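Structural description and commentary
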Amino acid sequence: METPQIRPGAVSSPEPKLRVLAYFYNAAEGNLAVQLLTGIGIPSDRLGVTPPDQLEGGQGMLLSVGCPTEALQAKAESILRKLGGEIHRQRG
């Protein structure tokens, strides 16, 4: 295996990302949330899904949403709440 090259230069850290975590008791509501969130402009590569078979009890869905702006974060939270998700904010 080759040694990776190290290039000199300053590395700026990216601005902390806004993230919303939502737990759904019903996975169908979580699936609908994914569709609606991509519809409002949240990139699909910023959505993280923990399916029911990986959760304790085997029921529900955990959805992690990376929001590029605070305006999209507010819209995402509103959608997630309307669908019955338990909301938790995370920064960083």
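Every residue gets a number counted from 1 within its own chain, in the order that chain's sequence is written. Restriction of local features to residues with pLDDT of at least 70 applies here, the model being predicted, together with a cutoff of 80 or more for giving and counting side-chain atom pairs; totals for whole chains, interfaces and linings are based on all residues. By convention in this description, side-chain values take in all heavy atoms of the structure and omit both hydrogens and water.

Observations concerning the overall build of the protein chain
Rule in force here: Labels follow the DSSP assignment, with helices taken as runs of H or I lasting at least four residues and strands as runs of E lasting at least two, numbered in each case from the N terminus. We call a residue buried when its accessible area falls under 20% of the maximum for its residue type, exposed when it is over 50%, and partly exposed in between, using a 1.4 Å probe and counting protein chains only. For accessible areas, the Shrake-Rupley method is used with a probe of radius 1.4 Å. Any residue's cover is judged against the shown protein chains and nothing else.
When its secondary structure is counted, the protein chain shows 2 helices and 4 strands. Listed by position from the N terminus, the elements making up the protein chain come as β-α-β-β-α-β. Expressed as a percentage of the 92 residues in the protein chain, the buried residues total 29%. Of the roughly 6,500 Å² that the protein chain leaves accessible, carbon and sulfur atoms contribute 52%.

Points about the pairing of strand E1 (residues 18-24)
In plain terms, the rule: Strand pairing is assigned whenever DSSP identifies at least 2 bridges connecting the two strands.
Of the two faces of E1, the one lined by Leu-18, Val-20, Ala-22 and Phe-24 is fully buried and the one lined by Arg-19, Leu-21 and Tyr-23 carries no buried residue. Judged from the 7 bridges that link them, E1 and strand E3 (residues 61-67) form a sheet pairing that is antiparallel. Paired with Tyr-23 across the two strands is Leu-62, which belongs to E3.

Quick look at the environment of Gly-60
Keep this limit in mind: Note on contacts: a residue pair is in contact if any heavy atoms of the two residues lie within 4.5 Å.
Along the chain, Gly-60 falls in the loop between strand E2 (47-50) and E3. The sequence separation of Gly-60 and Asn-26 amounts to 34 residues, and the corresponding C-alpha distance is 4.7 Å. Setting aside anything within four residues of it in sequence, one finds Gly-60 in contact with Tyr-23, Phe-24, Tyr-25, Asn-26, Ala-27, Pro-51, Pro-52 and Leu-55.

Here's the deal with the side chain of Glu-77
The residue Glu-77 is located in helix H2 (residues 70-82) in this model. The contact partners of Glu-77, leaving out residues within four places of it in the chain, are Val-20, Ile-87 and Arg-89.

Considering H2
Using the following cut-off: Expected span of a helix, by definition, is 1.5 Å for each gap between consecutive residues, and there is one gap fewer than residues. By construction, the arc corresponds to the directions joining the helix axis to the C-beta atoms.
With 13 residues, H2 should cover 18 Å at 1.5 Å per step; its first-to-last C-alpha distance of 18 Å lies within 8% of that length. Turning to H2, its buried residues number three or more, namely Leu-72, Gln-73, Ala-76, Glu-77, Ile-79 and Leu-80. End-on, the buried residues of H2 take up no more than an arc of 165°, which puts them together on one face. The exposed residues of H2 that point more than 90 degrees off its buried face are Glu-70, Ala-71, Arg-81 and Lys-82. Phi turns positive one or two residues past the end of H2, at Gly-84, with a value near 95°.

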